[in-house]
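One letter stands for each residue in the lines below.
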Amino acid sequence: MSEWDSDKSPEWGDEPARKSSGRSWLGRKGPEMPQESNRDWKLIEKLVMSLQVEQRRSRRWGIFFKLLTFGYLLALLFLIRFPFGESLDAGIGAHTAVIEINGTIAADELASADNIVGSLRSAFEAGSSKAVVLRINSGGGSPVQSGYVYDEIKRLREEYPDKKVYAVISDIGASGAYYIAAAADEIYANRASLVGSIGVIAGGFGFTEVMDKLGVERRLYTAGDNKAFLDPFSPEDEDEVQFWSSVLENTHRQFIEAVKRGRGDRLADDERLFSGLVWSGEQALELGLIDGLGSTSSVAREIVGAEKLVDYSRRKSPLQDFVDQLGVAFGEGFAGQLLESRLELR
């Protein structure tokens, strides 16, 4: 008799024989799944289910962010089609329109003629704006850009004779900034503001001696006698200097005429007015360069009679502001200042 047929109990330490409750491959049930395998399958099943839930959650968030992006683009297109200033008029009520003129006045700056003129038109077209205040904090810039804004203010004042334009100078309103202010009906400033600087300046550098010391030879090929006009790497030519001085004088004369047209008899008879000097607010009041001391709020409250201020200024996009903060254009701007002779009102 074999040990499988023996009914003897197993000794201590011997592994007991397992009884098969299933059937053999000849039609009997197989052995039952061990408990460890059942646990493994359950864990795998839970893992698969959790992955499916995570995928569904990811799809839902993906759809949400796509809808959010679509809504943002739709709102952006709406604002482009219907600018902010145009939508204000419906429900904001009587107010004083404010337009900021900050920093250098130039075509590639925020205080460009395109931005300022667009803001001016929106402010004048708004039916509930009672007057327009130019809030100025600028040391000047391009005479061309300043001239564009000056002419547009004059045109809008004629088109909307019931709306006055007030210029309010904060820290500084000089040169090209004062050129623009002169187009306003009245100008106000703080007693310590810097006002004036009615003049024109252009500057550059000469590198001829440095080139001689370094042994650098200048090779310049032109077609036209004056094509290399005021070249910083060539010796200064007296005839070119005299011609450039005549250009500056002509631009200065245009500036003076614009100020006289804007200010009229309010200007004092003082030969220093157009010498390029800058004055404090109190001095500017005595010279007739401004009409009084005040701020944007005081002008809106006491002169316009509409204390509520609404800003019509055009702003940088968030992306452009971020790029500017990185200072990407620093090297290009420095090189331009180093090599070019720029005409500016100062």
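If you're wondering where the values come from, they're calculated on a predicted model, not measured in any experiment.

Novice: Would you mind going over the confidence of the model for the protein with me for this structure?
Specialist: Note that predicted coordinates carrying low pLDDT should not be read in detail. Confidence along the protein averages 82 in pLDDT terms, with 77% of residues attaining 70 or more. The low-confidence segment residues 337-341, where pLDDT is below 50, has twelve contacts with residues more than four positions distant or belonging to other chains.

Novice: Is there a simple way to think about the nonpolar core in this case?
Specialist: When a protein is soluble and globular, its nonpolar side chains tend to lie buried together. Core analysis: the biggest nonpolar cluster contains 48 residues, and Leu120, Leu134 and Leu289 have the highest contact counts within it. At six residues, helix α3 (residues 113-125) tops the list of elements feeding residues into this core. Each residue touching Leu289, except ones within four places of it in the same chain, is listed here: Tyr178, Ile187, Val195, Ile198, Arg263, Leu267, Leu273, Trp279 and Ala284. Among the nonpolar cores identified, the runner-up in size contains eight residues, and Val133, Tyr166, Val168 and Tyr188 belong to it.

Novice: It is not clear to me how the packing of aromatic side chains should be interpreted in this structure. Could you clarify?
Specialist: One pass over the structure, following the stated rule, counts ten aromatic pairs. Ring geometry for Phe124 versus Tyr160: centroids 5.6 Å apart, planes at 40°, classification tilted. Residue Phe124 is located in helix α3, and its partner Tyr160 is located in the loop between α4 (143-159) and β3 (164-174); the two are separated by 36 residues in the primary sequence. Judged by its relative accessible area of 1%, Phe124 is buried. Exposure remark for Tyr160: the relative accessible area of 23% places this residue in the partly exposed category. Put simply, the rings of Trp61, Phe64 and Phe65 pair up and form one aromatic cluster.

Novice: Looking at this structure, how should I read the pattern of salt bridges?
Specialist: Close approach of charged atoms lets side chains of opposite charge pair. The final tally for this structure, using the stated rule, is 14 salt bridges. With a shortest N-O distance of 3.1 Å, Arg266 and Asp291 are connected by a salt bridge. Here Arg266 is found in the loop between α7 (238-263) and β7 (278-280), whereas its partner Asp291 is found in the loop between α8 (281-287) and β8 (292-293), with 25 residues between them in sequence. The exposure class assigned to Arg266 is partly exposed, which follows from its relative accessible area of 34%.

Novice: Even after reading the chapter, I still don't get α7, so can you show me in this structure?
Specialist: Every α-helix winds through 3.6 residues per turn, so residues three or four apart in the chain are directed the same way. With 26 residues, α7 extends 37 Å between its outermost C-alpha atoms, agreeing within 8% with the 38 Å of an ideal straight helix rising 1.5 Å per residue. Regarding α7, the residues found buried are Glu240, Leu248, Thr251, His252, Phe255, Ile256, Ala258, Val259, Gly262 and Arg263. Here α7 starts with a cap whose side-chain oxygen sits 3.0 Å from the backbone nitrogen of Asp239, and that cap is Asp237. At the exit of α7 stands Gly264, carrying a positive phi of roughly 60°.

Novice: Help me understand unusual backbone geometry, please; the structure alone is not making it clear to me.
Specialist: It is generally the case that most residues other than glycine have a negative phi and that most peptide bonds are trans. For Ser197, which is not glycine, the phi torsion reads 55° and is therefore positive. Topologically, Ser197 is positioned in the loop between β5 (194-196) and β6 (200-203). Residue classification places Ser197 among the buried residues on the basis of a relative accessible area of 10%. Positive phi, normally seen in glycine, also occurs at Leu230, with a value near 55°. Secondary-structure assignment places Leu230 in the loop between α6 (208-214) and α7.

Basis of the calculations
Throughout this description, residue numbers start from 1 for each chain and increase along the sequence as written. Owing to the predicted nature of the model, reporting of local features is limited to residues with pLDDT of at least 70; listing and counting of side-chain atom pairs is limited to 80 or more, with chain, interface and lining totals taken over all residues. Working from all heavy atoms in the structure, the side-chain values ignore hydrogens and water. Known as pLDDT, the predictor's confidence for each residue is given on a scale from 0 to 100. What makes two residues a contact is simply this: any of their non-hydrogen atoms within 4.5 Å. To define a nonpolar core, start from buried Ala, Val, Leu, Ile, Met, Phe, Trp, Tyr and Cys residues and group those joined through side-chain atoms within 4.5 Å. Only protein chains enter the accessibility calculation, which uses a 1.4 Å probe; a residue is then buried when its area is under 20% of its type maximum, exposed when over 50%, and partly exposed in between. Counting from the N terminus, the helices are DSSP H or I runs at least four residues long and the strands are E runs at least two residues long. Classification of ring pairs uses Phe, Tyr and Trp, with its six-membered ring standing for Trp, and accepts pairs whose centres are within 6.5 Å; under 30 degrees between planes counts as stacked, over 60 as edge-to-face, and the remaining range as tilted. Throughout this description, the term salt bridge denotes a Lys or Arg side-chain nitrogen within 4 Å of a carboxyl oxygen of Asp or Glu. Here, expected helix span is obtained from the residue count minus one, scaled by 1.5 Å. Between N or O atoms, a polar contact is any pair within 3.5 Å; within protein, one atom must be a potential hydrogen donor and the other a potential acceptor, and residues adjacent in sequence are included only when both atoms are from side chains.

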